[in-house]
Amino acid sequence: MSDQRPAQRPAPSPSPGPPGLYGRPRFQEVSTSYRRWAGVLLWLAIAVASLTAVAFVASIVLLVKADADVDNAAYGYLAIFLWFGIAAAIPVLLALGIPAVVMTRRVRQQKRLGHDALHRGPDVGEQ
């Protein structure tokens with residue numbers, strides 16, 4: 001037997017919920033850059049969605065023009081290329097839109113709960 005004492009382990013930190021159960025996660029404030037990126041992603045998703053809608057309308061117009069005359073058959077091929085562009089833009093739209101909606105929802109939720117201290121500056125009267 002040795003004269004050394006066993007190592008002392010630190011006491012476990014208290015969890016936010018009842019002992020032995022998982023509790024709700026602790027509140028984390030949203031930073032200003034998080035708020036900014038939520039807006040950037042949202043506006044990029046809106047831009048991609050609007051370009052996709054314009055491309056869809058243009059492809060329909062091109063198809064109608066190609067169907068009207070045999071000499072304008074090349075417009076049908078342009079419409080097909082626009083459809084490929086729309087098909088390629090859909091994953092980009094999802095990749096921008098879903099995180100933008102989740103981030104914007106989180107920012108709005110914290111504003112509603114009154115946790116937007118980082119967003120608000122000092123009042124004009126306070127100094």
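The following paragraphs examine the structure supplied in this document. Everything quoted here is computed from the prediction, not taken from an experiment.

What counts and what doesn't
Residues numbered from 1 in each chain as written. Predicted model: local features only at pLDDT ≥ 70, side-chain atom pairs only at ≥ 80, totals over all residues. Heavy atoms only, no water. Helix = DSSP H or I, 4+ residues; strand = E, 2+ residues; numbered from the N terminus. Buried < 20%, exposed > 50% of the residue type's maximum accessible area, 1.4 Å probe, protein only. Contact = heavy atoms within 4.5 Å. Areas by Shrake-Rupley, 256 points an atom, 1.4 Å probe, with all protein chains shown as cover. Core = buried A, V, L, I, M, F, W, Y, C linked by side-chain atoms within 4.5 Å. Phe/Tyr/Trp six-rings, centres within 6.5 Å; stacked < 30°, edge-to-face > 60°. Lys NZ or Arg CZ within 6 Å of the ring centre and 35° of its normal. Patch = residues over 30% accessible without salt bridge, like charges linked within 9 Å, V, L, I, M, F, W, Y side chains within 5 Å. Salt bridge = Lys/Arg side-chain N within 4 Å of Asp/Glu carboxyl O.

1. Considering the overall build of the chain
Turning to step 1, where the next piece is worked out: A tally of helices and strands in the chain yields 2 helices and 0 strands.
Turning to step 2, where the next piece is worked out: When each of the 127 residues of the chain is scored for burial, the buried share is 19%.
Turning to step 3, where the next piece is worked out: Sequence separation of 24 or more characterises 65% of the internal contacts of the chain that already satisfy a separation of 6 or more.
Turning to step 4, where the next piece is worked out: Entry remark: accessible area of the chain is about 10700 Å², with carbon and sulfur atoms responsible for 65%.

2. Brief notes about the nonpolar core
Turning to step 1, where the next piece is worked out: Membership of the largest hydrophobic core is limited to 8 residues, which are A38, L41, A45, V48, A89, L96, A100 and M103.
Turning to step 2, where the next piece is worked out: When contributions to this core are tallied by element, the ones reaching two or more residues are α1 (32–68) and α2 (74–113).

3. Quick notes on the packing of aromatic side chains
Turning to step 1, where the next piece is worked out: Tallied over the full model, the rule gives 0 aromatic pairs.
Turning to step 2, where the next piece is worked out: Geometry around Y34 places R106 over its ring, the cationic atom sitting 5.1 Å from the centre.

4. Focus: a nonpolar patch on the surface
Turning to step 1, where the next piece is worked out: Among the surface-exposed residues, F56, V57, I60, V61, L63, V64, Y77, L78, I80, F81, W83 and F84 lie close enough to one another that they form a single nonpolar patch of about 1200 Å² accessible area.
Turning to step 2, where the next piece is worked out: Secondary-structure elements contributing two or more residues to the nonpolar patch are α1 and α2.
Turning to step 3, where the next piece is worked out: Among the structural elements, W83 can be located in helix α2.
Turning to step 4, where the next piece is worked out: With relative accessibility at 38%, the residue W83 sits in the partly exposed group.

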